[in-house]
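Commentary on secondary and tertiary structure
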Amino acid sequence: YFVQPGERGVVQRFGDWNRTKVTEGMGYHLPSPIETVTVINVNNIRKLEIGYREVNTRRGGSAIRDVADESLMLTSDANIVDLDLEVQWNISAAEDFLFQIRDVESTIKKVAESAIREVVGQTQLQRIITTGRDAVSQRVKQIMQDNLDQYKAGVNIVQVLIQDATVHPDVIPAFEDVVAALQDAETFQNEATIYANDIIPKARGEAIQLVQEAEAYRES
C-alpha cells in the first residue's frame, strides 16, 4: 500500500490495531484476512456547522438555513441569543480516531453543542454580540479539546468560529428596553456624580465656616 503526504496507514491484524505507518511512501501488510490497512488523511481540515446549514439552491448557488434547535441559547443575563458556529478539526491520532469512538463526527457535534451552551450560559448577551466573541470561541475550543482528549477521540480542534451572533427577533423589544434602561441608569448616575461633586465641597466649606464662626463667637 502507499501513504501520501499527510496520510497515515493504520494496519490491523485479525481486526486488532497492530501498527500505524506515519511516514509517506510504500508500506506492506500480510495478506487479508490476516492483516488489513486503512489509509486516512490526518491533515485535511474538516468542518462542522452548529446552528445553521449551508444548502445548495436550484440555481447552483448556496444559501444559509437556520437550525433553531441548535442556534437558540440562553445567556447569563437571561436573554436569548441566536448563534451560528463553525468548528474546524482534523485528526491527531489515526488509530484512536478509527477505533475509540463509533461515530466521531456526531460526538464532536454533541461536544460542541454542550460546550457552546455552557460558555454562553456564563456570558452576558452584550459581550457575545459585540467584543466578547473571540473569548467565547477560545473558551469553547478549550472545553471541546479537553472533553475529546478524555474520550481519546484522536481529534484536534483547529478553530472555532462564531459565524453570526444576534438577538433573537422575539426578544428584540425587551432587549432594547433593557439597553435603554441601562443608558438611563448611566445618565442618572453621571448626573448624580456631577451634583455630588458640586454640592459636597460647598457643604464642607460652609461647615468649616460655621465652625470657625462658632469658635470666634465662643472666644469673644
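Note that the structure is predicted; figures quoted are calculated from it, not measured.

Quick word on the side chain of threonine 75
Within the secondary structure, threonine 75 sits in the loop between strand 9 (72-74) and strand 10 (80-91). With residues up to four places along the chain from it excluded, the contact list for threonine 75 reads Val81, Val120, Gly121, Thr123, Gln124, Leu125 and Ile128.

Focus on helix 3 (residues 104-120)
With 17 residues, helix 3 ought to run about 24 Å at 1.5 Å a step, and its terminal C-alpha atoms sit 24 Å apart, in line with that. Considered for burial, the residues of helix 3 that qualify are Val104, Thr107, Ile108, Val111, Ala112, Glu113, Ala115, Ile116, Val119 and Val120.

Some remarks on the pattern of salt bridges
Working definition: two side chains of opposite charge can pair if their charged atoms are close together. Summed over the entire model, instances satisfying the criterion amount to seven salt bridges. The salt bridge partner of arginine 19 is glutamate 35, with a shortest N-O separation of 3.1 Å. Residue arginine 19 is found in strand 3 (residues 16-21), and its partner glutamate 35 is found in strand 5 (residues 35-41); the two are separated by 16 residues along the sequence. Under the relative-accessibility criterion, glutamate 35 is labelled buried at 0%. Each of Arg53, Glu70, Lys109 and Glu113 takes part in one network of salt bridges that share partners.

What to know about the packing of helix 3 against helix 5 (residues 133-150)
Taken N-terminus to C-terminus, the directions of helix 3 and helix 5 make an angle of 135°; their axes are 9 Å apart at the nearest point. On the basis of the axis angle, helix 3 is oblique to helix 5. Between helix 3 and helix 5 lies a crossing whose hand is right-handed. Here Thr107, Ile108, Val111, Ala112, Ala115, Ile116, Glu118 and Val119 of helix 3 come into contact with helix 5, specifically with Val136, Arg139, Val140, Ile143, Met144, Asn147 and Leu148. Classifying every residue of the contact of helix 3 with helix 5 by side-chain character gives 11 nonpolar, two polar and two charged.

Criteria and thresholds
- Residue positions are given per chain, counting from 1 as you read along its sequence in written order.
- Where local features are concerned, this predicted model is filtered to residues with pLDDT of at least 70; where side-chain atom pairs are given and counted, the filter is 80 or more; whole-chain, interface and lining totals use all residues.
- Side-chain measures were taken over the full set of non-hydrogen atoms in the model, leaving aside hydrogen atoms and water.
- Where helices and strands are cited, they refer to DSSP runs of H or I of at least four residues and of E of at least two residues respectively, numbered from the N terminus.
- What makes two residues a contact is simply this: any of their non-hydrogen atoms within 4.5 Å.
- A helix is expected to span 1.5 Å multiplied by its residue count minus one.
- Burial classes follow relative accessibility: with a 1.4 Å probe on protein chains only, a residue under 20% of its type's maximum area counts as buried, one over 50% as exposed, and anything between as partly exposed.
- Each reported salt bridge corresponds to a side-chain nitrogen of Lys or Arg within 4 Å of a carboxyl oxygen of Asp or Glu.
- As a rule, the C-alpha atoms of each element are fitted with a line to give its axis, helices using only the stretch in contact, and angles between N-to-C directions run from 0 to 180 degrees.
- By the definition adopted for this analysis, an angle is roughly parallel if under 35 degrees, roughly antiparallel if over 145, roughly perpendicular if from 65 to 115, and oblique otherwise.
- A clockwise turn of the near helix away from the far one marks a right-handed crossing, whereas an anticlockwise turn of less than a right angle marks a left-handed crossing.
- Polarity classes work like this: nonpolar for Ala, Val, Leu, Ile, Met, Phe, Trp, Tyr, Cys and Pro, charged for Asp, Glu, Lys and Arg, and polar for all others, with Gly in that last group.

Keep in mind these numbers describe shape, not what the thing actually does.
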